[in-house]
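Geometric and topological summary
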Amino acid sequence: MKWPNLKHLHYLVTLYEEQHFNRAAQRCFVSQSTLSTAIQNLEEQLGCQLLERDHKTFIFTALGLEMVERSKVLLNTANELVEYAESAGNWQAGKLKLGIIPTIAPFLLEGLIDRVGQSLPQLNLQLQENTTSNLLKELTSGELDLLILALPMDTPGCKQMVIGHDPFHLVAHPEMMKQLPSPLDYSALPKNSVFLLQQEHCMTGHAVSACGLQHKEQVSALAASSLFTLVQLANSKLGLTFLPELALKSDILSHSQLVSFPAEDKAYREIGLVWRSGTTRVKLFRRIAELLQPLMPIPTL
């Protein structure tokens, strides 16, 4: 059996991502004809059609799409193999590309960096902050190795490890608190009174679900881009918000007049690690989880 060339599989995946031969060739630092010939050779070698071509256009066949996904797995494994060899087989060394969402990053990164520096001094930690959907795409494509996300979240093809619970707290100006019913009933909150993050931030969904905010008319149309903006909006006395304890412990309210108390029913989001199912670096990821555990509001490991 003749094995497919990993470089040709890389060309195939890049072509799928770019959906354009010239752009894919530029990304791979080869000519367009070289990339096109490599794809044709791959089809001949595998004995199947990967692309349907029509003059200057093309689409991937169903089998071609499946080959792209399987090629990603092979390329990720090959990349891990090279990095493992470069670190002389030391799982505590090498490069770790870590992605983290904006509603967690400001409150965990400093502590994580310090603890990794002390416990894993040979590890080259490379960090990226982005939204959940973007991070998951980069994890699947192999651009990232490990994610710190808020859960629950659907992560097909990946493993999850919950490392902590992050309770939600109701946050409002004292004058706003006086206007709220006692005992607090979320369904009785005024219309447009709850400030939340923009929809691309997963914390919005977690807060709505965990805190039982089922009435859309309660949520303000003015959505924030960060937790710090939520603090400013709530401090304006125009409404209230829900913040995770992780942010409160970092004194996010220190320059405001806001007060907080735990959300009803002990509502919380989970914080966890996510990695590709086929990775060979689980031992390292579990060590990262151990380093993160003391930083969690409520550890679960």
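Residues numbered from 1 in each chain as written. Predicted model: local features only at pLDDT ≥ 70, side-chain atom pairs only at ≥ 80, totals over all residues. Heavy atoms only, no water.

1. Re helix H3 (residues 32-46)
The criterion, for reference: Elements are defined by DSSP. Helices are runs of H or I of four residues or more, strands are runs of E of two residues or more, and each kind is numbered from the N terminus. For a helix, the expected span equals 1.5 Å multiplied by the residue count minus one. In this scheme, a residue with accessible area under 20% of its type's maximum is buried, one over 50% is exposed, and one in between is partly exposed, where area comes from a 1.4 Å probe on protein chains only. Directions pointing from the helix axis toward each C-beta atom define the arc.
Compared with an ideal rise of 1.5 Å per residue, which puts 15 residues at 21 Å, H3 spans 21 Å between its outermost C-alpha atoms and is within 8% of the ideal. Three or more residues of H3 are buried, namely Leu35, Ala38, Ile39, Leu42 and Glu43. The arc that holds every buried residue of H3, seen down its axis, measures 140°, which confines them to one face. Two residues or fewer past H3, glycine 47 is found with a positive phi of approximately 70°.

2. Looking at the packing of helix H1 (residues 6-18) against H3
Spelled out, the test is: Axes here refer to lines fitted to C-alpha atoms; in helices the fit is confined to the stretch in contact. Angles between the N-to-C directions go from 0 to 180 degrees. Note that the term roughly parallel is reserved for angles under 35 degrees, roughly antiparallel for angles over 145, roughly perpendicular for angles of 65 to 115, and oblique for everything else. Each helix crossing is assigned a hand: it is left-handed if the near helix lies turned anticlockwise from the far helix by less than a right angle, otherwise right-handed if that turn is clockwise. Residue contacts follow a heavy-atom distance rule, with two residues in contact if any of their heavy atoms lie within 4.5 Å. Put simply, Ala, Val, Leu, Ile, Met, Phe, Trp, Tyr, Cys and Pro go in the nonpolar bin, Asp, Glu, Lys and Arg in the charged bin, and everything else, Gly too, in the polar bin.
It is at 9 Å that the axes of H1 and H3 come closest, and there the two elements cross at 110°. Here H3 runs roughly perpendicular to H1, going by the angle between their axes. Relative to H3, the crossing made by H1 is left-handed. Where H1 approaches H3, its residues His8, Leu9, Tyr11, Leu12 and Leu15 are matched on the opposing element by Leu35, Ala38, Ile39 and Leu42. Looking at the contact of H1 with H3, its residues break down into eight nonpolar, one polar and no charged.

3. Some details on the packing of helix H5 (residues 105-119) against helix H11 (residues 282-292)
For the pair H5 and H11, the least separation of the axes is 9 Å and the interaxial angle reads 120°. For the element pair H5 / H11, the angle class is oblique. Here H5 and H11 pass one another in a crossing that is right-handed. Residues Leu108, Leu112, Arg115, Val116 and Ser119 of H5 form the contact with H11, whose own contacting residues are Arg287, Ile288, Glu290, Leu291 and Leu292. Tallied by class, residues from the contact of H5 with H11 come to six nonpolar, one polar and three charged.

4. As for the pattern of salt bridges
What counts here: Should a side-chain nitrogen of Lys or Arg be within 4 Å of a carboxyl oxygen of Asp or Glu, the pair is scored as a salt bridge.
Taken as a whole, this structure holds 11 salt bridges when the rule is applied. One salt bridge connects arginine 23 with glutamate 18, and the closest N-O pair in it is separated by 3.4 Å. With relative accessibility at 39%, the residue arginine 23 sits in the partly exposed group. Put simply, Glu17, Glu18, Arg23 and Arg27 are held in one network by salt bridges that share partners.

5. Points about the packing of aromatic side chains
The following threshold applies: A pair of aromatic rings is counted whenever rings of Phe, Tyr or Trp (Trp by its six-membered ring) have centres within 6.5 Å, and the orientation is called stacked for planes under 30 degrees apart, edge-to-face for over 60 and tilted otherwise.
In total, this model carries five aromatic pairs according to the counting rule given. Ring centres 5.5 Å apart and planes at 90° place the aromatic pair tyrosine 16 and phenylalanine 60 in the edge-to-face group. Taken together, the positions of tyrosine 16 in helix H1 and phenylalanine 60 in strand E2 (residues 57-60) put the pair 44 residues apart, joining distant regions of the chain.

6. Let's talk about the environment of threonine 300
Under the convention used in this document: Within 3.5 Å is the distance limit for a polar contact, defined as a pair of N or O atoms, with the added protein rule that one can donate a hydrogen and the other accept it, and that residues adjacent in sequence qualify only through two side-chain atoms.
The residue threonine 300 is located in the segment after strand E11 (298-299) in this model. Relative accessible area serves as the criterion here: at 34%, threonine 300 is assigned to the partly exposed category. Linking threonine 300 and alanine 78, residues 222 residues apart in sequence, is a C-alpha distance of 33 Å. Ignoring anything within four residues of it in the chain, the contact list for threonine 300 reads Val162, Ile163, Gly164 and His165. A distance of 3.3 Å separates a polar side-chain atom of threonine 300 from the backbone nitrogen of glycine 164.

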